[in-house]
Structures are given as structure tokens and as C-alpha cells.
Amino acid sequence: MAGRLTLALGDPGAPPAGAAGYDAEALRRFFTLTPDDRALVGRAPGDHNRLGLALLLAWARAEHRLVAAPATLPPPVIAHVAAQLGLTPAALAGYGHRPATHTAHVTLVCAHLHLRPFTARDEHRLRAFLEGAAAHTGNTAALLDAAADWLAREGVLRPLGETTLERLIYGARATAEEALFAAVAAGLSDAERAAFDALCDADNGVSPVARLAAPPRQASAPALEETCQRLVQVRAALPAALCWGDITPNRRRQWAALVRRQSAQALRRYPAAKRHTLLLAFLGVRQEELTDAAVEMFDALVSRVAGATGEAVREAKLAQAEAYAEGARLFRGVAEVLLDEAIPPAAVRAAVFRRVPREQLGAVVAAGAPAEGGEMGLFCAALAGHFRQLRAVARPLLRTLFAEGRVGLPPTAPVGFVPTRWDRAIRRAGRPERHAWEACLLLEVRAALRAGDLTVTGSRRYTPWDTGLYPPAAWAARRASWQAERGVTADGSAAVARALAELDALTGRVAAGLATNADARISKGKLALTALDRMEVPPETAQARDALAGLLPQVDLPELLMEVDRWTGFTRALTHLTGRRAPTPAHLAAIRPALFAVLVAEATNLGLATVARSAGLAEGQLARVYDWYFREETLRQAIATLIAHHRTLPLTARFGAGTTSSSDGVRFGVAASTLNARHHPRYFGMRRGVTVYSHVSDQGTQFWIDVVNCQLREATYVLDGLLYQETLPIQEHYTDTHGYTDILFGLFEVLGYRFAPRLRDLPDQALARARADADYGALDAVLRQPIRGDLIARHWDEPHRLGASLKDGLAVPSLVVAKLQALQRQNPLQRALQELGRLAKTRHILQYVDDRALRRRVLVGLNKQERLHALARTICFGRQGRFGDRGYEAQLNRASALSLVINALIVWDTTYLAAAAAELARRGQPVPDAAWAHLTPLLWEHVHLVGQYRFEEPVLQGKLRPLRAVVAEEDVAPGEEA
């Protein structure tokens, strides 16, 4: 419940399903009465009428709908509102006996809040609004949020009827899509339409569109050639110019996903306008993907050759040293002959060869030849053994040169890109030598791509670093609202001066307390800190955990998921990709076992076939459910539903406020040939793998997950999870050492989050001085660098333009961070961000050293992440924990399904832990309040993960299962010992 209450569809006279409780922050934000509210309520006669009117008013403001019976609202809401009036919830007992009173109160509330009922005219206007929104997204949940925002802006109550909004959204989306399809298809020529139809013609059982959609294989010269050929086909099929109008890239990617999951036969059955538009979107998205894949393959292959060549250079240097020693010995013999005056000049040559054999002298001369070009000469000589590999990589890039069949380079071959260090190595008789020139070109292209100095047309990743940021005119319109949201001033000089003054005061305070700080010290000019390696858990906390865990019922994984779905309805988020109307209850009931079977198959990594055999279900049905219901947007929405429900559970707040989080990666091997898998000997040996990077809150829930390159620094992906989630009000975030950079510190500062990584290399960190002339005592030795406040102030606006662009979703944080970190020629924004980051990092390190409670919070947060990794490993046990999926999309679906199961388990555990705590209190063994801060809902010993899977609805006698120890006591016969 961060930001606003979740739109809940259902009976408008009842509170939303699952609203069992609200945390203190949500109650304060959404259900606090204003002075005007109290004045209105105070005029009602009787305590019961005042409380009933106040509840109607508070609920209507928070949810934009009326409630028929205030007594049905969640008890925490009733208690919170009653306390503001000096009343108890019992005062509500006499309310509602007279329907006229309720009607009059509804009229008062609507007038007071400037709300009005939903009318036919509002339905027409909302439908028009949703038809426009459908150009941006086809996701039902996103359109529901858009509808809720529109109703709030217009001051309209939510419509009556359980599915009114859903039906309105489905209808508006269908109408809008038909109009969009017709508009796009109208811009195509007859030849282009015919070419698109040809993509759906099966050839030997495989259509061209299926071949184009196949995920790229791991990097190799044939795979690169194949990818380039597919890219040529895609570009040839795309129209020369096409205006998408208001249709966003996100909407086009959704349409492209539809094509990937359809057979060519199914695509041919679509109306022509829809078929052509979907194919056009697919080709546009596929062009970006294939371009990025080709560049990634090029980078990987050139890096592979460069690495092998570098090893050969190291061996050549050792051989060269031996050759130099041998040459020195031979030179001594030759010199002695030359200096011997007794030998006539005509006989010197013969004397030399008698002393040093001709063959031996020639071998030494030949061995020293590569060294004449310096280290790059050795590099070029070592390349000779790998040039066939390099030529295979170069062929797609240098097609013109190869097509002409040239042996040497043309006279016009450019050499301006050749660095000075290469010059001597590649020139022969004043002209570049072809092999060395090609090697230099490929290595320089790779370096320029990594640094962002070289961009690629048609790429999504290899674009200028500022692609997607607010243009100047748009930023001028957004600037004031951004500054108001962030609470920052437009005066950069004043902001920097204030930040430096705060850092100066903090530095002085930490320096003064260093003598009494038992954990920190200055040693050999470096700041050292005794780390908190483990948390000391009080004995009573360990006892409480064991007692609580011992009461949890044992449950099979499928039954757990079905039980949680009864409480939360998370499977309603798993909507059909092509659904144009709300699914019927009969349809939902029919596919329900298959939904859970696919979820278990994906999360456990067992695969559809294995789970189908175990459960007695048809594998084809599971495959269809996977194809149409399991995708990134639906899985993320289901996860968000679980987290939102978890936030309403009364026990959740005991684990944390939901304002802090941590992120880290866990590695999974990959069995298939896939481009995004990389070698990482530390984790995979000689195999390849990926990193599953996730974010977990202090309440235990995993609110973000992604599959990323295991060779890239994890700091690249930290902001994605924070900015792309709207479920939790995160304020403070923790990572390990590999999860930070100075630029990331700067971005956290701009975005308003507190960044608190654990720095294992703390003694090697260079801290910055707030004031160059200040005396900071013992800290003077480690405060080595001044902060260029003038640089930050001069470019104050640019980091905030970037921050607003990231926050508003115009640019992907991980792409921007990667580009900024790779830039070789620094721009003003990068320098200002780094300087701001150095300021923020210095402040964090000083606080981290001085504040033991902060270090404890960081350790607790990272420990929760490690425990979640252990749970993920336990659940994802199939195929020895190695992913068998070729494409990124399939890998992300598997990781998201795993996250969905983890969050469902956390909801189940939290619910039953509350019941277990109540049972312990009933026995006179209450859990100490202080113990909850050390407890976690990440428990799984009671869940049966392995065995035969049955997807039959669990039959329970009450709302919850009997607790384990309670069942044991009841089964004991009289006279027996328990």
C-alpha cells in the first residue's frame, strides 16, 4: 500500500478482498481525518452516527467508493478512525438501523469530497480515455490502474457492479486495437503486405517467422553469420519509413510477444490488418534484438581471440627473454671475433660462423624480429595462430573487402583509428599489413562499443548514452514538478553548500568519536573496521523460532499455492495473451489445475513433461497454458498481488516496515546453447551460466527478479528493481561490495534513496574532504581528495534530468548505468554524477563507521538475501539447478515463476506464524516482542517439495489448517502421554 490503495474490483459495498489489516503508515496516510472532516462529523447526533459518517468519509476518500455497512471495514481502519474521535469501535454498534441516515450521510460525503456517482456520460468518457491508453499498453492491470487514476482525477466514484470496470476495459481495448491495426496497416503497400504474408508460409514444417523468432545461440562464428543473415532478412522486410504515432515501444513489444507465441497457421487466421500490424511490430522489435545479439557475439568472439592471444603473448615474452639471453651469449662470441685484430678482415665472416653456426645465429635473429614492433608486435605475431578465428568474426563486418577478393588492403583503407602503440606493429614498408590492420580494427571497434563512443543503427542497447532522456523542451515542462516531488532546489550552489556543510559536521563528529569507537581505527593511513560477521541472536529468540516452526502444518507445495490463491487471487493476474473479454468462472475452473502445474514445473525446474506425468495431466494442455498465460507482465503482476496482500497481514509489520531492501545475485548454470550465458570459472567451472538478480524487502518478500549477464558488475542492475516496482515504499537499500560504484551513489542521491552497501574493501576507499582547509584530526590521513562542489553546482540540472527520466520510465536504468560507466571521454553529466557520488559515498562510509545500528541493518538485510538464495536453490532443484532454456524470455519466466512461489510461501508462512503465535500465547508462552525483529517468514522445512504432485483443491475444515502440535495433542488418547 505504497502511494495509494490498490484498486479492488468486487461488490462496491464491501471492503476489498484480503484487506485483513493495514500497517500504521498506511492508516496514517489514507485514513487520517482533516479538521474539515471533523467539523462535518461533529454535527452528526450521537457517537454511532459520528463514527459511521467518519468511516464512510475516510473510506470514500481512500478507495473512491462507498461502503454499505461501515462495520464490515477492516478492524484496524475502524479503530484508527474511532481513536481520532475519542471513541471506541464499539460505538459503531448502533449505526445503520435507519436507511435514511445512511443515505443522508452518503450525500454529505459526496458533497464534502466533491465526488459524484458514475454515470453513462462518465462511462463514455472513460471508455474514450482507455482507448487512448490502449496505445501504450494492453496489460489489464495497467489499464485498471489507469482507470482508477482517471476516476480519482475526475472526482467520480467507482461504478457499481462487480465487473463493470473490467468489462469496460476489455471492450475499450478491443475497440482501440482494431482502430490501431487498421491505421497501421493502411500505411503498408500491397507488396509489403504480400511479403508479410509470405513470412507465415510453412517451408518444410518451419515458417520464416518461426526461424526469425528463434533465440540466438551461444557466440560462435557460424552463429554470428546466421544472426547477421537473419538481421538482413528482417531489415529487408521492414518498410523504409513508418510512423507509429502514439503507439509506444512497450505496446509494440507486447504485440511482438504475441507473434512469438503464435504458430504461423494461427497468425494466418487473423484479419489482414491485425496480422500485418503484429508482424510489423515483431519485425521492428526483432531488428533491435538481432542487432544487439550480433554485437554481443562480436564482442564475445573478439574477446575470446584477444584472451587467447594475450596468453600467447605472455608465453612469447618468456621465450623472448630466453632468446635475448641466448642472443647475448652469441653476441659475445661474435664480438670477440670482431675485436680480434689477428684475424684478417677478409676472414672475419668465416671466423664468426666457425664460432657461431649460421643456423643458430639465424634462429636468434628470427626470434627477435617480432620484438621490433614492441609488445604489439608480439601480439600481432601471436595472432597468427588465431587469425582464422578472427577472420571468421571479421567476415560479416568487412563484407565489401572480402567480396572483392583482395589479398592486400586497398590504398584508401583508413588508418586514422590506429592507436600509436599499434603503428609500428602494422606497418610494413610504409603501408599497413592486412592481418594486423584487421585485428587492430576489430579490437578498436570492440573498445569503442564498450565505451559508448561507437553506436549501432537499429540497436536498443548500443545507442548514445542519453537516448530516452527528457529532451530540453520536455524537461523544461517537467523540471518544477520533479523538484517539488524530490524536495530539491533549483539553486545548485545552495544545495551543494548545504550538503558540504552537513558532511563537514559529520566528519568532525566521527573524527571526534574515533578514539572511543571500539570497532574503527586508523592503521597505516587507512580506515579499518571490525566487521559484524554474524548476528547474535538471543536464546529466547531461537527458542521462539523453534516453537513457531514446530507448530507450522506440513503441506505439499501445490496445496500451499492453491490455499494462498484462495486468500489473494493471484492467479487472476495470469491472463490470456489474446483475451478480449473477462474469462468466465467455468473457464477459470477448467484451467486452474494446469495453471498450478505449470507454476510448479517452472519453479522447481522439473519441466512440463515431468510434472504432467506425475500429476496425470496432459502435457499438451500444460504447454498451451504456459504459452498463453505465463509471461513477464502477468507473472510480475501476480507477484505484486502477493506482496500487496502480505502488506495487509498484521504480522508483516513485525518483520520490518517495508522501507528497506537488499539486492544480490545467485548463479544458475545453463545447459542449453544460449547467447546470454557466460563463462565464470568461479561459479560454473568450464560451463556457462547466468545470474538471477533479485531484490528482497525487510519484510521478506522478493519484489524484483531479473536474469542478467554473470560477467557484468551487479551494480549495473540495482536501480531496475527499485524504480520498476510500485508495491513497497523503499527508502534505504543494501548491497554487497560488488553492488556499488560512484556513479550509482550519485544516482541514488538524485533519486532520493539512501544507498548503504557493505564495503569489504573499506581500507582501500578514497574518502573526500568537505573542506580543503579543515582539520579533521585522525581522519586527515584518509580524507585524501577534495570534493569539486563547483562542478556539481555548475551541472546541477543534468543529473536531475537523468533522474526524472529514469523514474518516469523513459530510459532503462541498467542500460544508462552501463553506458555511463563505460564512457572513456567523460561528459559533464558523468563527471557531476561521479563527484556527487563521491560525496554520498564519503557520507555513507562515515555513517557506517560511526553507527553500529546501521551496520547491523545492512547485515540483517544481506542475510535475508542469502536466506532467500538458499530457499531458491532448494525449490529450483530440477535438472541439478541448471536452466535448460535457450532464450532470455524463457529464462526470465522460469525465474519469475520461482519468485512467485517464494512469495506465495512467504504469505502462507506469515499467515500461519500469526496463528502459531496466538496458540503459543494461549498456552502461556507468548513470543517476546523483541524476538520478531530477528525472525523471518522465510521458512520451508515444513513444505514437501519433492514427490508426486496432485493439483486438487485442498479441503479444509476451517479457514486455516490445524497447527501441527495441536493435532498431536488431540490425537492422544486419555491416559496416554503426548
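Quick caveat, the model's predicted, so the values are computed rather than measured.

What counts as what
- Every chain is numbered independently, its residues counted from 1 as its sequence is written.
- Local features are withheld for residues below a pLDDT of 70 in this predicted model, meaning they are given only at 70 or higher, and side-chain atom pairs are given and counted only at 80 or more; totals for whole chains, interfaces and linings count all residues.
- The basis for the side-chain values is all heavy atoms of the structure; hydrogens and waters are excluded.
- The helix and strand labels rest on DSSP assignments: H or I over at least four residues marks a helix, E over at least two residues marks a strand, and numbering proceeds from the N terminus.
- We call a residue buried when its accessible area falls under 20% of the maximum for its residue type, exposed when it is over 50%, and partly exposed in between, using a 1.4 Å probe and counting protein chains only.
- Two residues qualify as a contact provided that any one of their heavy atoms is within 4.5 Å of a heavy atom in the partner residue.
- Accessible areas in this description were obtained via Shrake-Rupley with a 1.4 Å probe; residue shielding takes into account the shown protein chains only.
- Each residue after the first adds 1.5 Å to the expected span of a helix.
- Side-chain atoms alone can form a polar contact between residues adjacent in sequence; in general such a contact is a pair of N or O atoms within 3.5 Å, and within protein one must be able to donate a hydrogen while the other accepts it.
- Salt bridges are identified by distance alone: a Lys or Arg side-chain nitrogen within 4 Å of an Asp or Glu carboxyl oxygen.
- Two aromatic rings, drawn from Phe, Tyr or Trp (for Trp, its six-membered ring), form a pair once their centres lie within 6.5 Å of each other, and the interplanar angle then sorts them: stacked below 30 degrees, edge-to-face above 60, tilted otherwise.
- Placement of a charge over a ring requires the Lys NZ or Arg CZ to be within 6 Å of the ring centre, with the centre-to-atom vector within 35 degrees of the ring normal.
- Note: pLDDT gives the predictor's confidence per residue, expressed from 0 to 100.
- Note on geometry: axes are C-alpha line fits, over the in-contact stretch for helices, and angles between N-to-C directions span 0 to 180 degrees.
- In this scheme, roughly parallel covers angles under 35 degrees and roughly antiparallel covers those over 145, while 65 to 115 is roughly perpendicular and the rest are oblique.
- Each crossing gets its handedness from the near helix: less than a right angle anticlockwise from the far helix is left-handed, clockwise is right-handed.
- In this description, strands pair whenever DSSP reports at least two bridges between them.
- Arc definition: directions from the helix axis to the C-beta atoms.

Caption draft 1: Geometry of the overall build of the chain. Counting its secondary structure elements, the chain contains 40 helices and 14 strands. The proportion of buried residues among the 978 residues of the chain is 52%. Long-range contacts, defined as pairs at least 24 residues apart, comprise 77% of the intrachain contacts of the chain with a sequence gap of at least 6. Summed over all atoms, the accessible surface of the chain reaches about 43900 Å², with 54% contributed by carbon and sulfur.

Caption draft 2: View of helix α11 (residues 221–237). Taking 1.5 Å of rise per residue, 17 residues should cover 24 Å, and α11 covers 25 Å from first to last C-alpha, within 8% of that figure. Considered for burial, the residues of α11 that qualify are Ala223, Leu224, Thr227, Cys228, Arg230, Leu231, Val234 and Ala237. Measuring from the side-chain oxygen of the N-cap residue of α11 to the backbone nitrogen of Ala223 gives 3.2 Å; that N-cap residue is Ser220.

Caption draft 3: Molecular detail of unusual backbone geometry. Positioned with a positive phi, Arg879 is a non-glycine residue whose angle comes to about 55 degrees. Looking at where Arg879 falls in the secondary structure, it is placed in the loop between α38 (852–875) and α39 (888–922). The partly exposed category is assigned to Arg879, whose relative accessible area is 43%. Non-glycine residue Gln880 carries a positive phi angle of around 60 degrees. Structurally, the position occupied by Gln880 is in the loop between α38 and α39. Using a relative accessible area of 72% as the deciding quantity, one classes Gln880 as exposed.

Caption draft 4: Representation of the pattern of salt bridges in the model. The full count for this structure, using the stated rule, is 48 salt bridges. Across the pair Arg479 and Asp797 runs a salt bridge whose closest N-O atoms are separated by 2.9 Å. Pair noted here: Arg479 is in helix α22 (residues 472–486) and Asp797 is in helix α35 (residues 797–807), with a separation of 318 residues, a long-range link. Residue class for Arg479 comes out partly exposed when judged on its relative accessible area of 26%. Via salt bridges that share partners, Arg116, Asp122, Arg125 and Glu154 belong to a single interconnected network.

Caption draft 5: Just the packing of aromatic side chains, in detail. Tallying each qualifying case throughout the model produces 15 aromatic pairs. Aromatic side chains Tyr740 and Phe745 sit 6.0 Å apart centroid to centroid with 70 degrees between the ring planes, which places their arrangement in the edge-to-face category. Comparing Tyr740 with Phe745, the two get one shared label, buried. Between Phe748 and Tyr753, the aromatic rings sit 6.0 Å apart at their centres with planes inclined by 65 degrees, giving edge-to-face as the arrangement. Aromatic rings pair up to connect Tyr740, Phe745, Phe748, Tyr753 and Phe755 into one cluster. Above the plane of the ring of Tyr626 lies Arg261, whose end atom (NZ or CZ) is 5.7 Å from the centre. In this arrangement the basic side chain of Arg873 is found over the ring face of Phe668, its NZ or CZ atom lying 4.5 Å from the centre.

Caption draft 6: Structural detail: the environment of Glu732. Among the structural elements, Glu732 can be located in strand β10 (residues 732–734). You can call Glu732 buried: its relative accessible area is 8%. Taking the C-alpha atoms as reference points, Glu732 and Gly752, separated by 20 residues in sequence, lie 9.4 Å from one another. What Glu732 contacts, discounting residues up to four positions off in sequence, is Thr659, Thr660, Ser661, Arg754, Leu854 and Arg857. Within the structure, the side chain of Glu732 is placed 2.4 Å from the side chain of Tyr734, a separation counted as a polar contact.

Caption draft 7: Summary view of the side chain of Asp519. Examined against the element boundaries, Asp519 turns out to sit in the loop between α23 (492–513) and β3 (520–523). What makes Asp519 buried here is its relative accessible area of 15%. A distance of 2.6 Å separates the side chain of Asp519 from the side chain of Arg855, its partner in a polar contact. What Asp519 contacts, discounting residues up to four positions off in sequence, is Ala528, Leu529, Thr530, Arg852 and Arg855.

Caption draft 8: Geometry of the confidence of the model for the chain. Here the chain averages 84 in pLDDT, while 89% of its residues score no lower than 70. Segment residues 1–21: pLDDT under 50, and 67 contacts once partners within four positions in sequence are set aside and those in other chains are kept. Throughout residues 967–978 the model reports pLDDT below 50, and contacts reaching past four residues in sequence, or to other chains, amount to four contacts.

Caption draft 9: Quick look at the packing of helix α27 (residues 608–615) against helix α28 (residues 619–629). Contact pair α27 / α28: the axes reach a minimum separation of 9 Å and the direction vectors enclose 130 degrees. It follows that α27 is oblique to α28 by the angle criterion. In this structure, the crossing between α27 and α28 has a hand that is right-handed. Residues Leu608, Ala609 and Ala612 of α27 form the contact with α28, whose participating residues are Glu619, Leu622, Ala623 and Tyr626.

Caption draft 10: Region of interest: the pairing of β3. In this structure, β3 lies alongside strand β4 (residues 526–529), joined through four bridges in antiparallel fashion. The partner of Ser523 across the bridge, within β4, is Lys526. Remark: two residues form the turn of the hairpin made by β3 and β4, two consecutive strands paired antiparallel; Lys524 in that turn has positive phi of roughly 55 degrees.

Caption draft 11: Layout of the packing of helix α7 (residues 140–154) against helix α8 (residues 164–186). Packing of α7 against α8 leaves a shortest axis separation of 10 Å and a crossing angle of 110 degrees. Judged by the angle between their axes, α7 and α8 are roughly perpendicular. In the crossing of α7 with α8, the sense of the turn from one axis to the other is right-handed. Here α7 contributes Thr140, Leu143, Leu144, Ala147 and Leu151 to the contact with α8, which in turn contributes Leu165, Ile169, Tyr170 and Arg173.

Caption draft 12: Examining the environment of Ala603 more closely. With respect to the secondary-structure elements, Ala603 resides in helix α26 (residues 585–604). Judged by its relative accessible area of 0%, Ala603 is buried. Discounting chain neighbours no more than four positions away, the residues touching Ala603 are Ile875, Cys876, Ala897, Leu898 and Val901.

Caption draft 13: Structural detail: helix α5 (residues 99–113). Taking 1.5 Å of rise per residue, the 15 residues of α5 would be expected to cover 21 Å, and the 21 Å separating its terminal C-alpha atoms lies within 8% of that figure. Buried residues of α5: Thr101, His105, Val106, Val109, Cys110 and Leu113, and no others. Down the axis, α5 shows its buried residues gathered within 170 degrees of arc, on one side only. Residues of α5 that are exposed and point more than 90 degrees away from the buried face comprise Thr103, Thr107 and Ala111. If you follow the buried residues of α5, they end up packed against α3 (47–63).

Caption draft 14: A look at the side chain of Thr571. With respect to the helices and strands, the residue Thr571 is situated in the loop between α25 (557–568) and α26. Leave out the neighbours within four places in its chain, and Thr571 touches Asp565, Arg592, Leu595 and Phe596.

Caption draft 15: Inspection of the environment of Leu560 at higher detail. Relative to the helices and strands, Leu560 is located in helix α25. On the basis of relative accessible area, Leu560 is assigned to the buried category, the value being 0%. Once residues within four sequence positions are removed from consideration, Leu560 is found in contact with Val555, Ala904, Leu905, Trp908 and Val943.

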